[in-house]
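Here is what each chain is made of, one letter per residue.
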Amino acid sequence: RRREILAKHGDEVRKLYGHDARTAWQVLATCAFQFFAAWAARDLPWPALIAAAWVVSGTANQSLFCAQHEVSHFLALRKPSHNKALALVANLPLVVPMAVKFREYHHDHHTHLGVDGGDVDLPTVVETAWISSTWMKAIYGSLYLVVYGVRPLLVRPKAATRGDAVNWALVMASNALILRFWGFKALFYLFAGSILGGGLHPLAGHLLAEHYMFEPGQETYSYYGILNALTYNVGFHNEHHDFPQIPQTRLHRLRAIAPEYYEPLRCHHSWLWVIQQFLARPDVGPWSRMHRLTKEGTPDGNA
């Protein structure tokens with residue numbers, strides 16, 4: 001599809017390449033909001049704190065997780081080093097150091113999409129064997145971001161780098177300062193937001209919507225709903241995989257330039273619907289992914 005679009009609309013499409021600094025401002029504003037909210041949550045009673053962690057922190061931190069996706073492609077600022085620095089800042093409210101390794105593994109996801117052992121986004125054999133009932137899928141979905149973060153370390157471990165050391169030092173220093181001056185509840189607000197926002201949360205629906213095959217034969221789906229405003233247009237997922245060098249603020253223009261390639265594709269209209277279908281349908285689960293033997297993705301090599 002990418003080759004055909006470039007052959008047909010190449011001049012227009014290439015004008016969309018680059019970066020958009022508005023993404024950086026959105027990231028910084030969300031980080032500032034989260035630290036203010038953590039400070040404000042430091043004296044909340046536990047029921048209110050847990051509710052705030054799911055509704056407010058879960059939304060903001062899942063938004064920052066999506067920001068990591070955008071920034072990992074160096075699409076927010078002109079220089080790669082500036083994008084790397086922005087990713088480290090965006091990692092601070094998430095409590096768990098992940099920016100550097102996410103960038104590495106997400107690059108593998110693009111270059112080895114669906115290839116067993118290469119694309120760590122694919123659920124493992126253990127996941128597909130154990131997660132089958134609605135209750136098991138509910139538990140799995142609640143902890144999805146935890147599984148998402150641990151799986152790469154088991155499937156395709158990568159050596160620690162100087163960047164990882166910087167990432168860990170900054171995030172742990174931030175955690176220590178929050179704990180020291182604002183207390184445990186402030187840190188809990190942020191940490192719980194990362195876990196809850198990556199589980200059974202409306203924004204986290206994108207984690208299931210992007211590559212789970214809800215219809216036979218189509219492995220990647222886009223979503224064009226209102227929640228894209230909070231998730232850096234991650235819903236434009238077919239468009240993003242075709243042209244990862246186009247920033248999120250211009251993906252809608254790509255679809256407008258080449259509607260004949262995107263409008264016929266099935267798409268999602270609700271991430272909540274995606275979560276409900278994942279839980280309820282016996283034919284949908286961790287096994288509902290395209291698996292390839294090689295990057296070429298020949299028909300004989302797909303399963």
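For clarity, every value in this text was computed on a predicted model and none was experimentally measured.

**Some points on the overall build of the protein chain**
Next up, step 1: Helix and strand content of the protein chain: 15 helices and two strands.
Next up, step 2: For 303 residues, the compact-globule estimate of 2.2 N^0.38 gives 19 Å, and the protein chain sits close to it at 19 Å.
Next up, step 3: When its C-alpha atoms are laid out on the principal axes, the protein chain stretches across 55 × 45 × 40 Å.
Next up, step 4: Burial status across the protein chain gives 51% buried among its 303 residues.
Next up, step 5: When contacts within the protein chain are restricted to residue pairs at least 6 apart in sequence, long-range pairs at least 24 apart make up 75% of them.
Next up, step 6: Carbon and sulfur atoms form 66% of the exposed surface of the protein chain, whose accessible area is close to 14300 Å².
Next up, step 7: Here the protein chain carries 28 positive and 23 negative side-chain charges, and the mean point of each set is 7 Å from the other.

**Re the environment of glutamate 12**
Next up, step 1: If you trace the backbone, glutamate 12 turns up in helix α1 (residues 2-14).
Next up, step 2: On the basis of relative accessible area, glutamate 12 is assigned to the partly exposed category, the value being 44%.
Next up, step 3: Sequence separation of glutamate 12 and proline 282 is 270 residues, and the distance between their C-alpha atoms is 43 Å.

**A word on empty space enclosed by the protein**
Next up, step 1: A full pass over the atoms with the stated rule returns three cavities of 30 Å³ or more.
Next up, step 2: The calculated volume of the largest cavity comes to roughly 150 Å³.
Next up, step 3: In terms of lining, the largest cavity is formed by 15 residues, of which the most central are His69, His106, Tyr148, His206 and Glu210.
Next up, step 4: When its residues are assigned to classes, the lining of the largest cavity shows six nonpolar, six polar and three charged.
Next up, step 5: Along its surface, the second largest cavity is lined by Gly141, Tyr144, Gly199, Leu200, Ala204, Gly205, Leu208 and Ile275.

**What to know about unusual backbone geometry**
Next up, step 1: In this structure, valine 95 takes a positive phi of about 75° despite not being glycine.
Next up, step 2: Note on placement: valine 95 falls in the loop between α4 (80-91) and α5 (99-111).
Next up, step 3: Residue classification places valine 95 among the buried positions, given a relative accessible area of 7%.

**Section: the packing of aromatic side chains**
Next up, step 1: In the structure shown here, the tally under the stated rule is 13 aromatic pairs.
Next up, step 2: An angle of 35° between the planes, with centres 5.7 Å apart, marks the rings of phenylalanine 36 and tryptophan 39 as tilted. With a gap of three residues between them, phenylalanine 36 and tryptophan 39 both fall in helix α2 (residues 22-40), about one helical turn apart.
Next up, step 3: Residue classification places phenylalanine 36 among the exposed positions, given a relative accessible area of 51%.

**As for the layout of surface pockets**
Next up, step 1: Here the largest pocket defines a volume of roughly 790 Å³.
Next up, step 2: Along the wall of the largest pocket there are 30 residues; nearest its centre are Val96, Pro97, Met98, Gly149 and Val150.
Next up, step 3: Here the lining of the largest pocket takes eight residues from helix α8 (residues 144-155), the largest share from any one element.
Next up, step 4: Of the residues assigned to the lining of the largest pocket, the class counts are 18 nonpolar, six polar and six charged.

**Here's the deal with the pattern of salt bridges**
If the charged atoms of two oppositely charged side chains come close together, the side chains can form a pair.
Next up, step 1: Across all of its chains, the model carries 13 salt bridges by this definition.
Next up, step 2: Between lysine 101 and aspartate 164 there is a salt bridge, with the nearest N and O atoms lying 2.5 Å from each other. In this pair, lysine 101 is assigned in helix α5 and aspartate 164 in helix α9 (residues 162-181), connecting sequence segments 63 residues apart.
Next up, step 3: A salt bridge links arginine 156 to aspartate 108, with the shortest nitrogen-to-oxygen separation between them at 3.3 Å. Taken as a pair, arginine 156 in the loop between α8 and α9 and aspartate 108 in helix α5 lie far apart in primary sequence, 48 residues in all.

**Considerations on the side chain of serine 72**
Next up, step 1: Among the secondary structure elements, serine 72 is positioned in helix α3 (residues 46-72).
Next up, step 2: For serine 72, a relative accessible area of 14% translates into the label buried.
Next up, step 3: Discounting chain neighbours no more than four positions away, the residues touching serine 72 are Phe102, Arg103 and His106.

**Thoughts on α4**
Next up, step 1: Taking 1.5 Å as the rise per residue, α4 with twelve residues should run 16 Å; its terminal C-alpha atoms sit 17 Å apart, in good agreement.
Next up, step 2: Buried residues of α4: Asn83, Leu86, Ala87, Leu88, Ala90 and Asn91, and no others.
Next up, step 3: In the core, the buried residues of α4 are packed alongside α2, α3, α5 and α9.

**A word on the state of the cysteines**
Next up, step 1: Under the defined criterion, the tally for this structure stands at zero disulfides.
Next up, step 2: In this structure cysteine 31 is a free cysteine whose sulfur lies 13 Å from that of cysteine 66, the closest cysteine sulfur available.
Next up, step 3: Residue cysteine 31 is classed as buried on the basis of its relative accessible area, which comes to 4%.
Next up, step 4: With no disulfide partner, cysteine 267 has as its closest neighbouring cysteine sulfur the one in cysteine 66, 18 Å distant.

Calculation notes
- Residues numbered from 1 in each chain as written.
- Predicted model: local features only at pLDDT ≥ 70, side-chain atom pairs only at ≥ 80, totals over all residues.
- Heavy atoms only, no water.
- Helix = DSSP H or I, 4+ residues; strand = E, 2+ residues; numbered from the N terminus.
- Rg over C-alpha atoms; globule rule 2.2 N^0.38 Å.
- Buried < 20%, exposed > 50% of the residue type's maximum accessible area, 1.4 Å probe, protein only.
- Contact = heavy atoms within 4.5 Å.
- Areas by Shrake-Rupley, 256 points an atom, 1.4 Å probe, with all protein chains shown as cover.
- Lys, Arg positive; Asp, Glu negative; His and termini not counted.
- Charge placed at Lys NZ, Arg CZ, Asp CG, Glu CD.
- 1 Å grid on protein atoms, 1.4 Å probe; cavity = no way out; pocket = protein on both sides within 12 Å on 5 of 7 lines; lining within 4 Å.
- Points joined across faces, edges and corners; volume = space filled by probe spheres on them.
- Nonpolar A, V, L, I, M, F, W, Y, C, P; charged D, E, K, R; others polar.
- Phe/Tyr/Trp six-rings, centres within 6.5 Å; stacked < 30°, edge-to-face > 60°.
- Salt bridge = Lys/Arg side-chain N within 4 Å of Asp/Glu carboxyl O.
- Expected span 1.5 Å × (residues − 1).
- Disulfide = S-S within 2.5 Å.

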